[in-house]
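So the chains spell out like this:
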Amino acid sequence: MNPVKVEEKLFQNRYRVDAGRPHIRILDPALCQAECRTKECTACCPAGCYTLEGNGEVVLITDGCLECGTCRIICTTYRNIDWDYPRGGYGILFKFG
Ligand code: SF4
Ligand code: SF4
């Protein structure tokens with residue numbers, strides 16, 4: 001049996017971008033850069049929405065977000081994420097199979 005690649009499965013999905021209205025926000029990006037040493041959001045997001053830049057800045061791009069809620073749960077120390085679902089008609093469209 002061939003191993004299943006997550007990237008191939010994710011490619012099955014479709015995503016409708018709500019331009020200019022990201023449904024998840026980092027409340028205080030400066031806090032991420034200056035205070036949060038572990039930056040767990042950059043490691044836990046299955047869609048790779050959080051990127052750690054070379055200068056320690058954390059960049060969030062919600063395109064492709066799977067709405068799994070992991071980032072909302074994992075940012076426990078600083079509670080620095082404002083999380084919501086996308087508006088109706090936007091976001092991820094899962095295709096199983
Ligand atoms: S885990 Fe929270 S505080 Fe830390 S970098 Fe990510 S969003 Fe910022
Ligand atoms: S909800 Fe899940 S997929 Fe979306 S940004 Fe957070 S961790 Fe990533």
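Preceding this section is the structure that the text describes.
For clarity, every value in this text was computed on a predicted model and none was experimentally measured. (Residues numbered from 1 in each chain as written. Chains lettered and ligands numbered in written order. Predicted model: local features only at pLDDT ≥ 70, side-chain atom pairs only at ≥ 80, totals over all residues. Heavy atoms only, no water.)

(A) Layout of the site of ligand 2. The full set close to ligand 2 counts 13 residues, and Cys45, Cys65, Leu66, Cys68 and Cys71 are the nearest of them. When its residues are assigned to classes, the shell around ligand 2 shows 10 nonpolar, two polar and one charged. (Near = heavy atom within 4 Å. Nonpolar A, V, L, I, M, F, W, Y, C, P; charged D, E, K, R; others polar.)

(B) A look at the pattern of salt bridges. All told, the structure shown has two salt bridges when counted by the stated rule. We note a salt bridge from aspartate 18 to arginine 87, for which the minimum N-O separation is 2.8 Å. Separated by 69 residues along the polypeptide, aspartate 18 in the loop between strand E1 (14–16) and strand E2 (24–26) and arginine 87 in the loop between strand E5 (81–83) and strand E6 (91–93) bring together distant segments of the chain. With a relative accessible area of 37%, arginine 87 lands in the partly exposed category. Put simply, aspartate 82 and arginine 25 hold a salt bridge, and the shortest N to O gap is 3.5 Å. Residue aspartate 82 is located in strand E5, and its partner arginine 25 is located in strand E2; the two are separated by 57 residues in the primary sequence. Relative accessible area serves as the criterion here: at 36%, aspartate 82 is assigned to the partly exposed category. Take arginine 25: its relative accessible area is 43%, and that puts it in the partly exposed class. (Salt bridge = Lys/Arg side-chain N within 4 Å of Asp/Glu carboxyl O. Helix = DSSP H or I, 4+ residues; strand = E, 2+ residues; numbered from the N terminus. Buried < 20%, exposed > 50% of the residue type's maximum accessible area, 1.4 Å probe, protein only.)

(C) Focus on the site of ligand 1. Taken together, the neighbourhood of ligand 1 is formed by Cys32, Cys36, Lys39, Glu40, Cys41, Val58, Cys75, Tyr78, Asn80 and Ile81. Each residue belonging to the shell around ligand 1 can be placed in one class, and the counts come to seven nonpolar, one polar and two charged.

(D) The environment of valine 59, seen in detail. Mapped onto the elements, valine 59 comes out in strand E4 (residues 58–60). On the basis of relative accessibility, which here comes to 24%, the residue valine 59 falls in the partly exposed class. Note: C-alpha distance between valine 59 and arginine 21 (38 residues apart in sequence) is 15 Å. Excluding anything up to four places from it in sequence, valine 59 contacts Cys49, Tyr50, Thr51 and Glu53. (Contact = heavy atoms within 4.5 Å.)

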